[in-house]
Amino acid sequence: MNAEQLTQYLKNLRSGSGAYQSKALTLDSSGLNFAPEAIQRPCEAVTVKLARYWVDIKKTRDATQFGPASYEFRYTPIGVSSHKAGPKDGRVPDTAPPAGSVCRGTVSVVYVGDDIPSQALPYSLELIDTTAPYPIKVDGDGVLSAIYVAPGSVESC
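**Q** How do you make sense of the packing of aromatic side chains when you look at a structure like this?
**A** What characterises a pair of aromatic rings is the spacing of the ring centres plus the angle enclosed by the ring planes. Here the structure, examined in full by the defined rule, presents three aromatic pairs. Residues Tyr 75 and Tyr 123 carry aromatic rings whose centres are separated by 5.2 Å and whose planes lie at 85° to one another, so their mutual orientation is edge-to-face. Here Tyr 75, found in strand E4 (residues 70-85), pairs with Tyr 123, found in the loop between strand E6 (104-111) and strand E7 (134-135); they are 48 residues apart in sequence, far enough to count as distant. The exposure class assigned to Tyr 75 is buried, which follows from its relative accessible area of 13%. Ring centres 5.5 Å apart and planes at 85° place the aromatic pair Tyr 134 and Tyr 148 in the edge-to-face group.

Okay, here's the thing in structure tokens:
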């Protein structure tokens with residue numbers, strides 16, 4: 001399979017969990033998880049790439065009575081690695097997202113094919129009061145799943 005065919009296959013591969021429209025290949029707080037339905041399971045392991053980025057956050061405007069604070073995001077690549085997922089269910093070792101710190105979060109993206117261009121990364125991330133990863137949308141032809149880990153605090157950024 002070429003990268004485009006593999007992307008479509010993995011995007012359409014449903015989870016065996018029974019949850020409505022859940023994907024078989026996802027990223028969460030423990031890393032890459034592969035759990036496809038038994039009837040669509042691949043015959044051999046598939047290779048995917050995992051790109052990780054630091055997200056440095058800088059406050060550009062304080063909150064006022066007329067609106068919330070605004071922030072600027074700058075991405076710095078941490079690295080890209082290749083991992084094999086499947087054909088059996090389970091977690092892929094060494095794929096957990098890095099923890100954020102004060103004024104610095106992380107983004108992890110699983111994809112196949114060409115590397116993710118920096119303009120495909122989101123520049124309007126939600127700053128929430130938890131460091132639990134949550135799914136985000138990353139534009140790109142081969143993107144399968146992406147998560148954002150918010151920084152511990154942005155008050156002093």
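**Q** In this structure, what is going on with the nonpolar core? I would like to understand it.
**A** Nonpolar side chains tend toward joint burial in soluble globular proteins. In terms of nonpolar packing, the biggest core is built from 23 residues, with Val 107, Val 109, Ile 116 and Val 138 touching the most fellow members. Of all the secondary-structure elements, those providing two or more residues to this core are strand E3 (46-61), E4, E6 and strand E8 (143-149). Of all the elements, E3 adds the most residues to this core, at four residues. Ignoring sequence-local partners within four residues, the contact set of Val 138 consists of Val 109, Ile 116, Ala 120, Leu 121, Pro 122, Val 143 and Ala 146. Judged by nonpolar contacts, the second largest core, of 17 residues, contains Leu 10, Leu 25, Leu 50 and Ala 85.

What counts as what
- Residues numbered from 1 in each chain as written.
- Predicted model: local features only at pLDDT ≥ 70, side-chain atom pairs only at ≥ 80, totals over all residues.
- Heavy atoms only, no water.
- Phe/Tyr/Trp six-rings, centres within 6.5 Å; stacked < 30°, edge-to-face > 60°.
- Helix = DSSP H or I, 4+ residues; strand = E, 2+ residues; numbered from the N terminus.
- Buried < 20%, exposed > 50% of the residue type's maximum accessible area, 1.4 Å probe, protein only.
- Core = buried A, V, L, I, M, F, W, Y, C linked by side-chain atoms within 4.5 Å.
- Contact = heavy atoms within 4.5 Å.

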